[in-house]
Amino acid sequence: MAVPNLAAARRAADELVSAGVGTVLLFGSLARGDTATPGDIDLVAIYDDLGDYRRRAQCRAELQRRAQAVSGCRVDVIVTDAPEWATRTTSVRCSTEALIAKDAITLAYTDQHGDIDWDKDIGMPATPTAELQERFADLARAVSHLRAHLVPGGEEADAAARGDLSEHTAQELDRFAQACSAAHMVFESSAKITLILTTDTPPPSEHHIPELLATQPQWVNDAFDAAARDIDLIELSQWHQAEHYSGRWPRGEFDDTYLRRHVSAAISIAAFSADQCRHLELDTDLIRRFDGRLGNCQAALAGPLRIQPEPPARSQWPRRHGRGL
């Protein structure tokens, strides 16, 4: 793939308009003029009216395919329509769309527009409370994901039972990396929730916890510092970036104490963030499920996180025949 540039982005945008999109916006590093760290061409495809929002994923795949074909670059497309974009950028100030709209550049548009139902229910959250609830659901999923990697899975247990030390070690180390990455996601989701609550601004596409905390009140920073007193938040962010690349892992072997410290910190900060939301009008069933998942995580942390593999079977030496044997 070629290095993205403005000319390639314009070709991609024109192709999206020819595919039926009403307006195409450019955002991200290319829109900011940040050529030092070239990434994808980031586009927003705003249809006049998508109709059924269940078409969104199919539209996105087709638009990305066409945009990449004409531009020769990697292209990431956000698909929306005029009513949804208007609501998300004006009524939901903490939305990703509101963040994008600040610096987005219009690359292409059509003069021919179809009918638009401005009063319809949009596909994304239409209020700040609904947006926060979606972020809270992200936190609940992160806690569930962390719990799933705290205890050995079936393949790891099978390898331990049959005494396959090499496979057991590999499975255990993979789980260790996934659990550390999941602990980071709990911290990231928590920081983005408190950012919305305390500043009413949309969280950036940022994975480094200190950056997410930079504009938040001191009492929030103090709470994160207290939860993370036994861990390094910068190192924790490295697990998110390197989860699928073992050569970049901060630790190269399973460390029970290290894992327990990170999981304990993640549980603590998840509980803190949830407490900031309990007085709001969030779905009570969502909060109930979050509490159950956090309790399951605490219970798993209280038990063993490793399986002791069976000793490998002793080799059966052939009998030797002869005098005196």
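A short tour of the structure in this document, coming up. Please read all numbers here as calculations on a predicted model, not as lab measurements. (Residues numbered from 1 in each chain as written. Predicted model: local features only at pLDDT ≥ 70, side-chain atom pairs only at ≥ 80, totals over all residues. Heavy atoms only, no water.)

1. Things to note about the side chain of E188
Threshold: Only DSSP runs of H or I with at least four residues qualify as helices, and only runs of E with at least two residues qualify as strands; both kinds are numbered from the N terminus onward. Only heavy atoms matter for contacts: two residues are in contact if any of them lie within 4.5 Å across the pair.
Residue position: E188 is located in helix α8 (residues 165-199). Beyond its immediate chain neighbours, meaning those up to four positions away, E188 contacts E206, H207, I209, L212 and H240.

2. Concerning the pattern of salt bridges
Put simply, the test is: Here a salt bridge means any side-chain nitrogen of Lys or Arg lying within 4 Å of a carboxyl oxygen belonging to Asp or Glu.
Inspection of the entire model under this criterion finds 23 salt bridges. Taken together, the salt bridges that share partners define one network made up of R88, E97, E131 and R135.

3. Considerations on the nonpolar core
The test is simple: Only buried Ala, Val, Leu, Ile, Met, Phe, Trp, Tyr and Cys residues count toward a nonpolar core, and they belong to the same one when joined by side-chain atoms within 4.5 Å. Summary of the burial criterion: residues with accessible area below 20% of their type's maximum are buried, those above 50% are exposed, and those between are partly exposed, where the area comes from a 1.4 Å probe applied to protein chains only.
Membership of the largest hydrophobic core comes to 58 residues, with the highest contact counts inside it found for F136, V186, F187, F224 and F290. In terms of residue count, the dominant contributor to this core is α8 (twelve residues). The contacts of V186, once residues within four sequence positions are left out, are L139, A142, V143, L146, A266, I269 and A270. Listed in part, the 26 residues of the second largest apolar core include A9, V21, V24 and Y47.

4. Considering the side chain of Q171
This is how the line gets drawn: Polar contacts, as used here, are pairs of N or O atoms within 3.5 Å; protein pairs need one atom able to donate a hydrogen and one able to accept it. Residues neighboring in sequence count only if both atoms are side-chain atoms.
Inspection of the secondary structure puts Q171 in helix α8. Residue classification places Q171 among the buried residues on the basis of a relative accessible area of 18%. Within the structure, Q171 has its side chain in polar contact with the side chain of E167 (distance 2.8 Å). In this view, Q171 contacts E155 and E156; residues no more than four positions away in its chain are not counted.

5. Thoughts on the sheet that holds strand β3 (residues 75-81)
Note: strands within a sheet are paired through backbone hydrogen bonds, in either parallel or antiparallel orientation. Heads up, the rule is: Only strands joined by at least two bridges in the DSSP assignment are considered to pair. Axis definition: a line fitted to C-alpha atoms, over the contacting stretch in the case of helices. Angles run 0 to 180 degrees between N-to-C directions.
With mixed pairing, the four strands of this open sheet are ordered in space as β3-β2-β1-β4. Since the sheet does not close on itself, it has two edges, and those belong to β3 and β4 (105-109), each with one partner. Here the average twist between neighbouring strands, direction ignored, is 25°. As judged from the four bridges shared by strand β1 (residues 23-27) and β4, these two strands associate in the antiparallel manner. Bridged to L26 within β4 is I105. Packing of helix α3 (residues 56-71) onto the sheet brings it into contact with β2 (41-47) and β3, and relative to β3 it is tilted by some 140°. Most of the contacts of helix α4 (residues 82-90) go to β3, to which it runs at about 95°, and overall it touches β1, β2 and β3.

6. A word on the packing of aromatic side chains
Threshold: The aromatic pairing rule takes the rings of Phe, Tyr and Trp, using the six-membered ring of Trp, and pairs them if the centres are within 6.5 Å, calling planes under 30 degrees apart stacked, those over 60 edge-to-face and the rest tilted.
Tallied over the full model, the rule gives nine aromatic pairs. On the numbers, 5.0 Å between centres and 55° between planes, the contact of F136 with F290 is tilted. In this pair, F136 sits in helix α6 (residues 128-148) while F290 sits in helix α13 (residues 284-302), placing the two residues 154 residues apart along the sequence. Between W219 and F272, the ring centres sit 6.2 Å apart and the planes meet at 65°, which makes this aromatic pair edge-to-face. Highlighted residues: W219 in helix α10 (residues 218-227) and F272 in helix α12 (residues 256-277), separated in sequence by 53 residues. These aromatic residues form a ring-pair network of at least three members: F176, W239, W249, F254 and Y258.

7. Quick look at the packing of α8 against α10
Between two packed helices, what matters for the description is the angle formed by their axes and the separation of those axes. Note the threshold: The labels follow the angle: roughly parallel below 35 degrees, roughly antiparallel above 145, roughly perpendicular from 65 to 115, and oblique for the rest. Crossing handedness: left-handed means the near helix sits turned counterclockwise from the far one by under a right angle, and right-handed means the same turn made clockwise.
In the contact formed by α8 and α10, the axes pass within 11 Å of each other and the chain directions differ by 165°. As judged from the angle between their axes, α8 and α10 are roughly antiparallel. Where α8 crosses over α10, the two elements pack in a sense that is right-handed. Of α10, the residues touching α8 (which contributes F187, S190, A191, T194 and T198) are W219, V220 and F224.

8. Overview of the packing of α6 against α13
Packing of α6 against α13 brings their axes to within 9 Å, and their N-to-C directions diverge by 25°. What the angle tells us is that α6 and α13 run roughly parallel. Crossing geometry of α6 relative to α13 is assigned as left-handed. Across the interface between the two elements, Q133, F136, A137, L139, A140, R141, V143, S144, L146 and R147 of α6 pack against L286, I287, F290, R293, L294, N296, C297 and A300 of α13.

9. Quick look at the pairing of β2
Using the following cut-off: For crossovers, right-handed means that the path from the first strand over the helix to the second runs clockwise, given strands pointing away from the viewer.
With seven of its seven residues buried, β2 lies for the most part within the structure. Residues I41, L43, A45 and Y47 of β2 are buried on one face, and the alternating residues D42, V44 and I46, pointing to the opposite face, are buried as well. Relative to β2, β1 runs antiparallel, the two sharing five bridges. Its bridge partner lying in β2, V24 is registered against A45. With seven bridges joining them, β2 and β3 adopt parallel strand pairing. Within β3, the position partnered with L43 by the bridge is V77. Crossover handedness for the path β2 to α3 to β3: right-handed.

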